[in-house]
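Chain residues, written in single-letter form:
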Amino acid sequence: MNPFLDIVIRSVCVYLFMITALRIFGKKELSQLNTADIILILLISNSVQNAMVGDNYSLEGGLIAALALFLINLIFKRLMTKSLFVRKLIADKPEILIHNGKTDYKTLARLGITSEEMEQALREHGVEHFNDVKLAMFEIDGNISIISGNENLRQTKHKRRTHKSLN
């Protein structure tokens, strides 16, 4: 087999594995990473390097692997915009945390969002009490969006400060 084709196939396999692993372990919590998460990502990248390029440590081999990753990522992004099936397979859906002042504690617990984190998000949005929230959503990118019943408050997004999916 052509050594560069081998690199492309290996790189695509590693990409597909990483997409699957992030889907299983909670990719939506990757919006903000802590020190341990960054170290994990660096170690993962180092551990899969040989799986992608094999014995080929040349500049061309590394560039071919990077090009294959960019191309497969582009293909997946296009597929996600055009195919509902692929989008559902890869992307998580937003979750309702609070609706009309009623907090969904089961969803908060399942997502690993503490009451302190939720209270912090409320404060950052200028909301004092849970019952003042019309809708709070945990978005697919890891942000908490809050819509209050108060039309004078500016609606913003809150990025989670912790990252529990890789622990």
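Enquirer: Outline the overall build of the chain, supporting the account with residue identities and numerical values.
Expert: Of regular secondary structure, the chain possesses six helices and five strands. Secondary structure elements in the chain, listed N-terminal to C-terminal, are α-α-α-α-β-β-α-α-β-β-β. Put simply, of all contacts in the chain between residues at least 6 apart along the chain, 63% involve residues at least 24 apart. Total accessible area on the chain is roughly 10,700 Å²; 63% of this is exposed by carbon and sulfur atoms.

Enquirer: Lay out the packing of helix H1 (residues 3-25) against helix H2 (residues 35-53) with the relevant residues and their values.
Expert: Where H1 contacts H2, the axes come no closer than 7 Å and their chain directions differ by 145 degrees. For the pair H1 and H2, the contacting residues are Ile 7, Arg 10, Ser 11, Val 14 and Met 18 in the first and Ile 44, Val 48, Asn 50, Ala 51, Met 52 and Val 53 in the second.

Enquirer: Break down the packing of aromatic side chains for me, citing the residues and quoting the values.
Expert: Summed over all chains, the structure comprises one aromatic pair. Both rings, one in Tyr 15 and one in Phe 76, keep their centres 5.6 Å apart while their planes meet at 45 degrees; by these two values the pair is tilted. Pair noted here: Tyr 15 is in helix H1 and Phe 76 is in helix H3 (residues 59-82), with a separation of 61 residues, a long-range link. Residue class for Phe 76 comes out buried when judged on its relative accessible area of 15%.

Enquirer: Help me get a handle on the packing of H1 against H3, residues and values and all.
Expert: Direction vectors running N to C along H1 and H3 enclose 45 degrees, while the axes themselves pass 8 Å from each other. Here H3 runs oblique to H1, going by the angle between their axes. For H1 against H3, the interelement crossing comes out right-handed. The segment H1 lies against H3, with Phe 4, Ile 7, Val 8, Ser 11, Val 12, Tyr 15 and Leu 16 engaging Glu 60, Gly 61, Ile 64, Ala 65, Ala 68, Leu 69, Ile 72, Asn 73 and Phe 76. Broken down by class, the residue content of the contact of H1 with H3 amounts to 12 nonpolar, three polar and one charged.

Enquirer: How would you sum up helix H6 (residues 115-124)? Please name residues and give values.
Expert: Among the residues making up H6, those that are buried are Glu 117, Met 118, Ala 121 and Leu 122. The arc enclosing the buried residues of H6, seen along the axis, measures out at 140 degrees, which places them on a common side. Among the exposed residues of H6, those oriented more than 90 degrees off its buried face are Glu 116 and Arg 123. Where H6 terminates, the next one or two residues include Gly 126, which has phi positive at roughly 80 degrees.

Enquirer: Explain the pairing of strand S1 (residues 95-99) residue by residue, including any values.
Expert: Sheet topology note: the S1/strand S3 (residues 133-138) ladder contains four bridges and is antiparallel. The residue bridging Glu 95 from the neighbouring strand is Phe 138, located in S3. Strand direction decides the pairing type here: S1 and strand S2 (residues 102-103), joined by two bridges, are antiparallel. What sits directly across from His 99, in S2, is Lys 102.

Enquirer: Describe the environment of Thr 20, naming the residues involved and giving the relevant values.
Expert: Note that Thr 20 resides in helix H1. For Thr 20, a relative accessible area of 43% puts it in the partly exposed group. Separated by 70 residues in the primary sequence, Thr 20 and Ile 90 have C-alpha atoms spaced 7.8 Å apart. One polar contact links the side chain of Thr 20 to the main-chain carbonyl oxygen of Leu 16, over a distance of 2.9 Å.

Analysis parameters
Per chain, residues are indexed from 1 in the order of the written sequence. In view of the model being predicted, local features appear only for residues whose pLDDT reaches at least 70, and side-chain atom pairs are presented and counted only at 80 or more, with totals across whole chains, interfaces and linings using the full set of residues. No hydrogens and no water enter the side-chain calculation; it runs on all heavy atoms of the structure. Put simply, DSSP H or I for four residues or longer makes a helix, DSSP E for two residues or longer makes a strand, and each gets a number counted from the N terminus. Here, residues are in contact when the closest pair of their heavy atoms is within 4.5 Å. The accessible surface values rely on the Shrake-Rupley method and a 1.4 Å probe; as for residues, cover is taken only from the protein chains in view. Note on method: axes are straight lines fitted to C-alpha atoms, helices fitted across the in-contact stretch only, with angles between N-to-C directions ranging 0 to 180 degrees. Two rings belonging to Phe, Tyr or Trp (six-membered ring only in the last case) form a pair when the distance between their centres is within 6.5 Å. Interplanar angles under 30 degrees mark stacking, angles over 60 mark edge-to-face geometry, and anything in between is tilted. Here the term buried applies to any residue with accessible area under 20% of the maximum for its type, exposed to any over 50%, and partly exposed to those in between, with areas from a 1.4 Å probe on protein chains only. Oblique is the label for every angle not falling under 35 degrees (roughly parallel), over 145 degrees (roughly antiparallel), or within 65 to 115 degrees (roughly perpendicular). Crossings are classed by handedness, with left-handed meaning an anticlockwise turn of the near helix from the far one by less than a right angle and right-handed meaning a clockwise turn. All residues other than Ala, Val, Leu, Ile, Met, Phe, Trp, Tyr, Cys, Pro, Asp, Glu, Lys and Arg, Gly among them, are scored as polar; the first ten of these are nonpolar and the last four charged. What the arc measures is the spread of directions leading from the helix axis to the C-beta atoms. DSSP-based pairing: two strands are paired if at least 2 bridges between them are found. The definition of a polar contact used here is a pair of N or O atoms within 3.5 Å, where within protein one atom must be able to donate a hydrogen and the other to accept one, and adjacent residues in sequence count solely through side-chain atom pairs.

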